[in-house]
Number of protein chains: 2
Amino acid sequence: IHEPHSSVPSSVSSLFVDAQILQKQIDELSSFSDTTAPSVTRVLYTEKDVLARRYVKNLMGLAGLSVREDAVGNIFGRWVGQEPELAAVATGSHIDAIPYSGKYDGVVGVLGAIEAINVLKRSGFKPRRSLEVILFTSEEPTRFGISCLGSRLLAGSENLVKALKTITDSQNISFLDAARSAGYAEDDLSSVFLSKGTYSAFIELHIEQGPILEEEGISIGIVTAIAAPASLKVKFEGNGGHAGAVLMPNRNDAGLAAAELALAVEKHVLESGSIDTVGTMGILELHPGAINSIPSKSHLEIDTRDINEERRNQVIEKIHQSAIRIAKTRGVKLSEFHIINQDPPASSAEEVIEAMETATRELNLTSKLMISRAYHDALFMARLSSMGMIFIPCYKGYSHKPEEFASTQDMSNGVKVLALTLAKLSLQ
Amino acid sequence: IHEPHSSVPSSVSSLFVDAQILQKQIDELSSFSDTTAPSVTRVLYTEKDVLARRYVKNLMGLAGLSVREDAVGNIFGRWVGQEPELAAVATGSHIDAIPYSGKYDGVVGVLGAIEAINVLKRSGFKPRRSLEVILFTSEEPTRFGISCLGSRLLAGSENLVKALKTITDSQNISFLDAARSAGYAEDDLSSVFLSKGTYSAFIELHIEQGPILEEEGISIGIVTAIAAPASLKVKFEGNGGHAGAVLMPNRNDAGLAAAELALAVEKHVLESGSIDTVGTMGILELHPGAINSIPSKSHLEIDTRDINEERRNQVIEKIHQSAIRIAKTRGVKLSEFHIINQDPPASSAEEVIEAMETATRELNLTSKLMISRAYHDALFMARLSSMGMIFIPCYKGYSHKPEEFASTQDMSNGVKVLALTLAKLSLQ
Ligand SMILES: [Mn+2]
Ligand SMILES: [Mn+2]
Ligand SMILES: [Mn+2]
Ligand SMILES: [Mn+2]
């Protein structure tokens, strides 16, 4: 880090993270929740989401960043560099939280990014390329069934622009009405697209959401690739009827078809033979959902992932074949088998991995190269620029539940690595 | 029917059912619904339930009945007989409708009973024993998980009085608050209890909810016994976690445990070897219910019935053993296995069967002795007095869905049989 135009921190010892402020901010943000502590529930465009966004914009302002919001509520806080015409270096994550989850997933990468900017400012650093903190809209699919909504749009998904014109949530509220109620969607949604030259690199700081770093006592995970996610929506329909009056041979129970398919998902995932293949039925809804009614409709949502795209796609094909077979055997109708998304995996850029590794070494922190099994906005930002991710340990690998936890020390380490990496990439 | 004190209709030909008015009333009542036609959703103590009750009370008044309501909203319309000190003859059913169901279940037995009174009045009949039409509160378990709430209380269930003091619905609204919002629950709930001498007989008119009468082209089913119902609530708990990050061997998925138990219910029911054994998982809820979360909790409600109580109880025991085994195998906790109710079957009284059979014969209608596989308020009224039920055909045996249908002619036949049976029993 001795580039000619550099104003890089003269010594890594000048990088001071105010870990207590960061912890306090994380605790404060968690109070914007629709369920009681320790659980956090913060769903896209709800009142709590709007209040949490205001909180983050305020912190960006206090950090001296100039704030911009786009038509779906991606929020950008920019520290203009000495050569503002160059592609910027970006970092960020999300603050939405699925029902009854925790306070670290995503949040560490947003509040941590703002603190990283503060760290660099306090050190006297002056960026060459601009640095930009991004809060991504709806990384979680909770409300509209679409994960990484904000970053998919930034990466230019025309299909998503089309889908968002008609999509509704489970309460039949349209995406556009929901966005407007939060003060967004005034413009054409394709105004959100960013061109490929906008950023030279994107780095996301995140809790591991797995047990490896904690178990091995390592401070920093340097992500080399993000596993390939796919999600499916499946519906079965039968005749339903009264639970007392319709005898067993006359039934075609959509709920039992769903139960069979859930177990088939598990079976096909295990058949892959690889520890890296996972599959989950996270949603199962029965209609009419009364104790004395045979389910006439069932609705499942299935998530399957692998670091190997082809292997994952084989699992999807097997699930499809099982759904067809179950429908036939049980005399129910497979009224929908929809692949919501089937994204390719992404690899981190070599120069970003190198910058993260160097930063970690200079800070005397232990590190490990690893795979991200969860997916992140970084997966879609990789379509726009070089990408990398920094993982920190979390308690027992827990995530998406109230017990999710990362220590102040680990967060502080992550912020330091992020700050130094941003500084390095800003000078490249 | 030539008893000495009799003012019985001199001829069955004097019994005139105004079938068009009855059909019009059924259509009107179906419009008090929280879902759009042809589906009906009318849940206990909601605004639509209150409006529907007012509609029925008005019809009772127009029929010249004196109307009384008790502390949970059972509604009684009495035609005082010539010997008012004698135990009355009662008839009735329910008007609540599970979500997305139809307009005949229960309703035929309430509006049909009022029309039966009108039939007898028009014929010039004067009852010796008083005749009473009853609208029972919450035959369906939709809101508080308790079926036949009103008739259970009439029959003197101390346990139910106790339970209703603390029970809440899924929105955390207490039974007492809900009842008060509908204008009830001003008195001690045990005020609802009736003594054994109140009625000499109870007859319920109802659609068959099975395909037999329609398939065999028979007009009237004379019920000899009501199958023994039981309902179970089961909960599993696991660690949950992120659908991408937690690898398959580290999971204990409460959703998959529920799926396995649902299939085990089906298996154990089929193992009974009897066509009369049925079992249904009508409710399955997953927590947190997000596509990218492993279910950490599942909640099932299971209904199982048989005309043989012992055989049904064996099925319950097998379901319990399976739940324990599944919890063990999957490393989840079986946090609840609760038998909500486990009622004994009831038989119709010989003298009531005889009155129904004679009435049917005199009216030149075809009839068949049969079992009620669905259960009804009559099951609990059998604890207070002699009991009988009259079934009429319904389209394909459909019930608890919008396609539920009974023809005007079949309803008219049922009302005539009910009227004549009431007349006969009133004179005994
Ligand atoms: Mn998440
Ligand atoms: Mn996340
Ligand atoms: Mn019913
Ligand atoms: Mn009924």
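As the structure is a computational prediction, the values presented were derived from the model and not from experiment.

Draft legend 1. Molecular detail of the sheet that holds strand β11 (residues 297-306) of chain B. Residues and elements named next belong to chain B. Pairing in this open sheet of 4 strands is antiparallel, and the strands run β10-β11-β9-β12 from one edge to the other. Strands with a single pairing partner mark the edges of an open sheet, and in this sheet they are β10 (278-287) and β12 (333-342). Strand-to-strand, the axes of this sheet are offset by a mean angle of 15 degrees, without reference to chain direction. Of the strands in this sheet, β9 (228-237), β11 and β12 touch helix α9 (residues 309-330), which is tilted by about 170 degrees from β12.

Draft legend 2. Fine view of the relation of the copies chain B and chain A. At an RMSD of 0.1 Å, chain B and chain A line up after a rotation of 180 degrees and a shift of 0.1 Å along the axis. The superposition of one copy onto the other is thereby described by a two-fold rotation axis. Using C-alpha coordinates, one finds that chain B approaches the rotation axis most closely at B:Ala259, a distance of 2.2 Å. Interface residue correspondence from chain B to chain A reaches 100%, placing this contact among same-surface, isologous pairings.

Draft legend 3. A look at the coordination of the manganese ion (ligand 2). Residues and elements named next belong to chain A. Coordination of the manganese ion (ligand 2) by the protein is provided by His 94 (NE2), Asp 105 (OD) and His 206 (NE2), with metal-donor distances spanning 2.0 to 2.3 Å. The motif formed by the donor residues of the manganese ion (ligand 2), counted along the single chain, is H-x10-D-x100-H. A separation of 3.6 Å is found between the manganese ion (ligand 2) and the manganese ion (ligand 1), both of which receive a donor from Asp 105. Of this pair, His 94 sits in strand β4 (residues 88-94) while His 206 sits in strand β7 (residues 199-207), and the two are 112 residues apart along the sequence. Both residues of the pair, His 94 and His 206, count as buried.

Draft legend 4. Just the coordination of the manganese ion (ligand 4), in detail. All names here are of chain B. Note on the manganese ion (ligand 4): its protein donors are His 94 (NE2), Asp 105 (OD) and His 206 (NE2). The metal-donor distances range over 2.0 to 2.3 Å. The metal-metal distance between the manganese ion (ligand 4) and the manganese ion (ligand 3) is 3.6 Å, with Asp 105 serving as a donor to both. Of this pair, His 94 sits in strand β4 (residues 88-94) while Asp 105 sits in the loop between β5 (97-101) and α3 (107-123), and the two are 11 residues apart along the sequence. Classification of Asp 105 as buried rests on a relative accessible area of 8%.

Draft legend 5. Representation of the pairing of β10(B) within the structure. Residues and elements named next belong to chain B. A large share of β10 lies buried, amounting to 8 of its 10 residues. As paired elements, β10 and β11 share 9 bridges and run antiparallel to each other. Among the inter-strand pairings, Glu 285 is bridged to a residue of β11, identified as His 299.

Draft legend 6. The arrangement of the sheet that holds strand β11 (residues 297-306) of chain A in detail. Residues and elements named next belong to chain A. Strand order in the open sheet formed by 4 strands is β10-β11-β9-β12, and the pairing between neighbours is antiparallel. Looking at which strands have only one partner, the edges of the open sheet turn out to be β10 (278-287) and β12 (333-342). Between one strand axis and the next, the sheet turns by 15 degrees as a mean value, whatever way the strands run. Two strands pair when backbone bridges link them, and strand β9 (residues 228-237) and β12 are joined in this way by 8 bridges, in the antiparallel orientation. Residue pairing across strands places Glu 237 opposite Lys 333, the latter belonging to β12. Packed on one face of the sheet, helix α9 (residues 309-330) meets β9, β11 and β12 and runs near 170 degrees to β12.

Draft legend 7. Layout of the pattern of salt bridges. Residues and elements named next belong to chain A. Under the defined criterion, the tally for this structure stands at 44 salt bridges over all chains. Ionic pairing is found between Asp 306 and Arg 311, a salt bridge with its closest N-O pair at 2.6 Å. One network of salt bridges, in which partners are shared, links Arg 152, Asp 343 and Arg 383.

Draft legend 8. Quick peek at α3(B). All names here are of chain B. The end-to-end C-alpha separation of α3 is 24 Å, in line with the 24 Å expected for 17 residues at 1.5 Å each. Counted residue by residue, α3 has 14 buried out of 17 residues, so it is predominantly covered. Positive phi appears at Gly 124, one or two residues downstream of α3, with a value of about 90 degrees.

Draft legend 9. Main features of the interface of chain B and chain A. On the side of chain A, 59 residues touch chain B, which itself brings 59 residues to the contact. Among the residues of chain B in contact with chain A, B:His242, B:Met248 and B:Ile291 are the three that bury the most area, contributing 14% of the side total. Connecting chain B to chain A are 2 salt bridges. Where A:Arg330 meets B:Glu266, a salt bridge forms, and the shortest distance between an N and an O atom there is 2.7 Å. Where chain B packs against chain A, one counts 14 residue pairs in polar contact (both at pLDDT 80 or more). Taken together, the elements giving at least two residues each to the side of chain B that touches chain A come down to β5, β9, α8 (254-271), β10 and β11 of chain B. For the side of chain B that touches chain A, the per-class residue count stands at 30 nonpolar, 19 polar and 10 charged.

Draft legend 10. Representation of the confidence of the model for chain A in the model. Per-residue pLDDT for chain A has a mean of 95; in total, 97% of the residues score no lower than 70. With pLDDT under 50 throughout, residues 1-6 of chain A is counted as low confidence; its partners more than four residues away or in other chains account for 10 contacts.

Draft legend 11. Structural view of the side chain of B:Arg312. All names here are of chain B. Of note, Arg 312 is situated in helix α9. One buried charged side chain, Arg 312, makes no salt bridge at all; its nearest oppositely charged neighbour is Glu 309, positioned 4.0 Å away. Within the local environment of Arg 312, its side chain forms a polar contact with the side chain of Asn 313, the two groups lying 2.8 Å apart. Residues contacting Arg 312, with those up to four places away along its chain left out, are Ala 228, Pro 229, Ala 230, Thr 304, Arg 305, Asp 306, Gln 342 and Asp 343.

Draft legend 12. Structural detail: the nonpolar core. In terms of nonpolar packing, the biggest core is built from 106 residues, with B:Leu29, B:Tyr45, B:Val56, B:Leu120, B:Leu164, B:Phe175 and B:Ile203 touching the most fellow members. Ignoring any residue separated from it by four or fewer positions in sequence, one finds B:Tyr45 in contact with B:Val50, B:Arg53, B:Val72, B:Thr137, B:Arg143, B:Phe175, B:Ala178, B:Ala179, B:Ser181, B:Ala182 and B:Tyr184.

Draft legend 13. Highlighting the domain arrangement of chain A. All names here are of chain A. With domains assigned, chain A is organised as domain 1 (12-227 + 345-427) and domain 2 (228-342). Counting residues at the interface gives 11 residues for domain 1 and 9 residues for domain 2. Roughly 840 Å² of surface becomes buried between domain 1 and domain 2 when both sides are summed, with 56% attributable to carbon and sulfur atoms. Viewed at the interface, domain 2 and domain 1 are joined by 1 salt bridge. Across the pair Arg 373 and Asp 276 runs a salt bridge, and its minimum N-O distance is 2.4 Å. Here domain 1 and domain 2 share 1 residue pair in polar contact (both at pLDDT 80 or more) between them. A per-class count over the side of domain 1 that touches domain 2 returns 7 nonpolar, 2 polar and 2 charged.

Draft legend 14. Focus on the environment of B:Val315. Residue and element names in this part refer to chain B. Note that Val 315 resides in helix α9. We classify Val 315 as buried; its relative accessible area is 3%. A sequence separation of 262 residues divides Val 315 from Arg 53, and the C-alpha atoms of the two residues are 38 Å apart. Residues in contact with Val 315, not counting those within four places in the same chain, are His 268, Val 269, Thr 277 and Thr 304.

Draft legend 15. Highlighting the layout of surface pockets. Here the second largest pocket is characterised by a volume of approximately 370 Å³. Residue lining of the second largest pocket: 24 residues in total, with A:Ala245, A:Val246, A:Asn250, B:Gly210 and B:Pro211 positioned closest to the centre. Of all elements in the fold, only α7 (212-216) and β14 (367-372) of chain B reach the threshold of two or more residues within the lining of the second largest pocket. Counting residues per element, the lining of the second largest pocket draws most heavily on β14(B), at 3 residues. Taken together, the residues that form the lining of the second largest pocket break down as 10 nonpolar, 9 polar and 5 charged.

Draft legend 16. Representation of the packing of aromatic side chains in the model. All names here are of chain B. Inspection of every chain in the model, using the stated rule, returns 16 aromatic pairs over all chains. Both rings, one in Tyr 45 and one in Tyr 184, keep their centres 6.0 Å apart while their planes meet at 40 degrees; by these two values the pair is tilted. Residue Tyr 45 is found in the loop between β1 (40-42) and α2 (47-62), and its partner Tyr 184 is found in the loop between α6 (175-181) and β7 (199-207); the two are separated by 139 residues along the sequence. Accessibility expressed as a relative area gives 4% for Tyr 45, which makes it buried. Between Tyr 104 and Phe 405, the aromatic rings sit 5.9 Å apart at their centres with planes inclined by 80 degrees, giving edge-to-face as the arrangement. With Tyr 104 in the loop between β5 and α3 and Phe 405 in the loop between β15 (386-392) and α12 (408-427), this residue pair connects regions lying 301 residues apart in the sequence.

What counts, and where the lines are drawn
Residues numbered from 1 in each chain as written. Chains lettered and ligands numbered in written order. Predicted model: local features only at pLDDT ≥ 70, side-chain atom pairs only at ≥ 80, totals over all residues. Heavy atoms only, no water. Pairing = 2+ DSSP bridges. Helix = DSSP H or I, 4+ residues; strand = E, 2+ residues; numbered from the N terminus. Axes fitted to C-alpha atoms, helices over the stretch in contact; angles between N-to-C directions. Contact = heavy atoms within 4.5 Å. Least-squares fit on C-alpha atoms with pLDDT ≥ 70 in both. Donors = N, O, S within 2.8 Å, 3.2 Å for Na, K, Ca; no water. Buried < 20%, exposed > 50% of the residue type's maximum accessible area, 1.4 Å probe, protein only. Salt bridge = Lys/Arg side-chain N within 4 Å of Asp/Glu carboxyl O. Expected span 1.5 Å × (residues − 1). Buried area = accessible area lost by both parts, 1.4 Å probe. Polar contact = N/O pair within 3.5 Å; in protein donor to acceptor, adjacent residues only side chain to side chain. Nonpolar A, V, L, I, M, F, W, Y, C, P; charged D, E, K, R; others polar. pLDDT = per-residue confidence, 0-100. Lys, Arg positive; Asp, Glu negative; His and termini not counted. Core = buried A, V, L, I, M, F, W, Y, C linked by side-chain atoms within 4.5 Å. Domains from an automatic or database assignment. 1 Å grid on protein atoms, 1.4 Å probe; cavity = no way out; pocket = protein on both sides within 12 Å on 5 of 7 lines; lining within 4 Å. Points joined across faces, edges and corners; volume = space filled by probe spheres on them. Phe/Tyr/Trp six-rings, centres within 6.5 Å; stacked < 30°, edge-to-face > 60°.

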